[in-house]
Amino acid sequence: MDTSTHFVMGIGLAGLAYVDPVVASSPMLAAAVLVGTIAGSQAPDIDTALRLKSNSLYIRNHRGMSHSLPFLLLWTLLITGVIALIFPGVAIAHVAIWTAVAVCVHVFTDLFNTYGTQAARPFTDKWIAWNIIHIFDPFLFSSHVVAILLWAFDVVSPAPLFVTLYIIIGLYYIWRIIAHAQAVAKVKRMDYSTDATRYVVIPTISWNRWHVVKRYADDHYEIGKLDGSDLTWNLQASSSTHAAVAASRQSPEVQAFLYFTSYAVAEVEELPAGYKVRWADVRYRHRKQYPFVAVVVMDRNFETIDTYVGWLSDEKMDKKLLSARS
């Protein structure tokens, strides 16, 4: 999920903690739990700081080790240890329990979107992405905001309020799982291809609209959308066989990009001084663009001049690489 949703979930879990009689009876402990659930809901994304060093390092590692099984325990211990220093004498075991819940909820909810996580490390470094919930879900965010406001203005007691909220959210997740399974079945039923090896059906902000990627054995793709009962294919995508594509694979930025995604295609643009190779992840398409890219600009001898990897519009990317074109 996005950072703002993780944040309101952290507050929501602090409200849910009032079902614990020990928490409900101690304002100091409740405050400590609030700090723990907010910190726990944010801690796995601390790897975002890797952007300060390089985008390629961030792409390769974001939602990787920081979301893994060992780190579920590590984040809990670190956060609880700090809180024990800030709030001496509180029932620290209760803080640890609710902090662990917040950390686990963060990682678990991240599994439901397309970006996914490496949550099963160290057993496997496979990216797990279930394509069920959009990375920003308006219902999840707004329902938490409403509940937090009701709590803040003392309209409803936190325990019954957040128990109700999370029952509703649990039912919402079940509905979205069913809706995704139905969308996948609908695409397979409506499409008459016999040589497609896989369909990837990806959520959008709209509940009834899905982005669809059809993969073939030779790694070319068709990209379309399922809008209610209307399935349309908009374009095809496949990698160029130009020599510059093979040369671009030596770039650390491209290697990081290909480490993350198995749905990449490359296109080559000839420049006055060489070539621009643009890798794109076909799962992400927004306003007729692919915003998740890795780009290598090279000379005629395939020597790298400039690179970029990350989330960017074509216009911003061209500005970043403008000096390399000349």
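What you see is a predicted model, and the numbers here were worked out from it, not measured in a lab. (Residues numbered from 1 in each chain as written. Predicted model: local features only at pLDDT ≥ 70, side-chain atom pairs only at ≥ 80, totals over all residues. Heavy atoms only, no water.)

Looking at the layout of surface pockets
Left-over empty space is what a probe sized like a water molecule reveals as it rolls over the atoms. Taken as a whole, the largest pocket holds about 1,100 Å³ of empty space. Lining the largest pocket we find 36 residues, and of these His134, Ile135, Tyr284, His286 and Trp311 sit closest to its centre. Residue assignment for the lining of the largest pocket shows that the elements contributing at least two residues are strand S1 (196-203), strand S2 (209-216) and strand S3 (221-227). Looking at the lining of the largest pocket residue by residue, the classes come out as 13 nonpolar, 13 polar and 10 charged. What the second largest pocket holds in volume is close to 430 Å³. Forming the boundary of the second largest pocket are 22 residues, of which Trp127, Ala129, Arg198, Tyr263 and Arg283 lie nearest the centre. The set of elements that each furnish at least two residues to the lining of the second largest pocket consists of helix H8 (158-190), S1 and helix H10 (252-260). Its residues placed into classes, the lining of the second largest pocket shows 13 nonpolar, 5 polar and 4 charged. (1 Å grid on protein atoms, 1.4 Å probe; cavity = no way out; pocket = protein on both sides within 12 Å on 5 of 7 lines; lining within 4 Å. Points joined across faces, edges and corners; volume = space filled by probe spheres on them. Helix = DSSP H or I, 4+ residues; strand = E, 2+ residues; numbered from the N terminus. Nonpolar A, V, L, I, M, F, W, Y, C, P; charged D, E, K, R; others polar.)

Quick notes on the sheet that holds strand S8 (residues 304-311)
Within the open sheet, the 4 strands sit side by side as S5-S6-S7-S8. Their pairing is antiparallel. Whereas interior strands pair on both sides, the edge strands pair on one side only; in this sheet they are strand S5 (264-271) and S8. Shown here is a sheet whose adjacent strand axes are inclined to one another by a mean of 15°, direction ignored. Summarising the sheet, strand S6 (residues 274-281) and strand S7 (residues 292-299) pair through 7 bridges and their orientation is antiparallel. Across the sheet, Gly274 pairs through a bridge with Asp299, a residue of S7. Of the strands in this sheet, S5, S6, S7 and S8 are in contact with H10, which crosses S7 at around 150°. (Pairing = 2+ DSSP bridges. Axes fitted to C-alpha atoms, helices over the stretch in contact; angles between N-to-C directions. Contact = heavy atoms within 4.5 Å.)

Quick notes on unusual backbone geometry
Cis geometry marks the peptide bond from Arg121 to Pro122, where omega comes out at 15°. Within the secondary structure layout, Pro122 lies in the loop between helix H6 (92-110) and helix H7 (138-152). Phi angles above zero are rare outside glycine, and Phe302 is one such case at about 65°. Residue position: Phe302 is located in the loop between S7 and S8.

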